[in-house]
Amino acid sequence: MEECLYLDKEHLSLLCVPQDVEKYNKEVEENETITYVKVRKPDLSGNTKWVCILNGENISCMMCDYAFLEEVHRNEISFSTNTQLCVKLLIRYKEAEILSYKIIEVLDIVNEER
């Protein structure tokens, strides 16, 4: 007996989203934390990495909060030199080497006036 699987267009489109297989590497560990980062270079129109300051260091990170990104790309959120984001941050590392940073979710936006 042959079995068939039927998917509508919406469900089929979910299958074409690239998956990050690096997390299946047993030597790679992950740490998820809630922290503040200062925005140095936001991605205002495309899909590039953001540059932020975390604990005084420049970090390059993927922005995975797509609802937040849509607001940024529609110019609904403005940035100043003092903009900070409270984020849920995923850090991937192998032993003492940090492999990547990903902002999973933006929880709050702080624009400090100086």
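Above this text is the structure in question.
Below or above, wherever it landed, is the structure these notes cover. Here the structure is a predicted model, which is why all the values come from computation and not from measurement.

What counts as what
- Residues numbered from 1 in each chain as written.
- Predicted model: local features only at pLDDT ≥ 70, side-chain atom pairs only at ≥ 80, totals over all residues.
- Heavy atoms only, no water.
- Pairing = 2+ DSSP bridges.
- Helix = DSSP H or I, 4+ residues; strand = E, 2+ residues; numbered from the N terminus.
- Salt bridge = Lys/Arg side-chain N within 4 Å of Asp/Glu carboxyl O.
- Contact = heavy atoms within 4.5 Å.
- Buried < 20%, exposed > 50% of the residue type's maximum accessible area, 1.4 Å probe, protein only.
- Patch = residues over 30% accessible without salt bridge, like charges linked within 9 Å, V, L, I, M, F, W, Y side chains within 5 Å.
- Areas by Shrake-Rupley, 256 points an atom, 1.4 Å probe, with all protein chains shown as cover.
- Axes fitted to C-alpha atoms, helices over the stretch in contact; angles between N-to-C directions.

### Structural notes on the pairing of strand E5 (residues 97-111)
Working step 1: Note that strand E3 (residues 57-63) and E5 share three bridges and pair parallel. Paired with methionine 62 across the strands is lysine 102, a residue of E5.
Working step 2: Pairing of strand E4 (residues 83-94) with E5 involves 12 bridges; the strand directions are antiparallel. Within E5, the residue paired with isoleucine 91 across the bridge is tyrosine 101.

### Comments concerning the pattern of salt bridges
Working step 1: Taken as a whole and judged by the stated rule, the model has five salt bridges.
Working step 2: The network of salt bridges with shared partners includes Glu70, Arg74 and Glu76.

### Focus on the pairing of strand E1 (residues 29-41)
Working step 1: Where E1 meets E4, 10 bridges bridge the pair, whose relative direction is antiparallel. The residue of E4 that forms the bridge with glutamate 30 is arginine 92.
Working step 2: Inspection of the sheet shows E1 paired to strand E2 (residues 50-54) by three bridges, in the antiparallel sense. Across the sheet, the residue bridging to lysine 41 is valine 51, located in E2.

### Observations regarding the environment of tyrosine 101
Working step 1: For tyrosine 101, the position within the fold is in strand E5.
Working step 2: Placed 41 residues apart in sequence, tyrosine 101 and serine 60 show a C-alpha to C-alpha distance of 6.9 Å.
Working step 3: Leave out the neighbours within four places in its chain, and tyrosine 101 touches Leu54, Ile59, Ser60, Cys61, Met62, Leu89, Leu90 and Ile91.

### Thoughts on the environment of asparagine 47
Working step 1: Looking at where asparagine 47 falls in the secondary structure, it is placed in the loop between E1 and E2.
Working step 2: The exposed category is assigned to asparagine 47, whose relative accessible area is 59%.
Working step 3: Linking asparagine 47 and leucine 69, residues 22 residues apart in sequence, is a C-alpha distance of 9.1 Å.

### Section: a nonpolar patch on the surface
Working step 1: Taken together, the side chains of Leu5, Leu7, Leu12 and Leu15 define a hydrophobic patch exposed on the protein surface, amounting to about 450 Å² of accessible area.
Working step 2: Here leucine 12 lies in helix H1 (residues 9-14).

### Comments concerning the sheet that holds E5
Working step 1: Read around the barrel, five strands follow the order E1-E2-E3-E5-E4 and close on themselves; strand pairing throughout is mixed. In this sheet, neighbouring strand axes are inclined to one another by 55 degrees on average, regardless of whether the strands run parallel or antiparallel.
Working step 2: In this sheet, E3 lies alongside E2 in antiparallel orientation, the contact comprising five bridges. Paired with leucine 54 across the strands is glutamate 57, a residue of E3.

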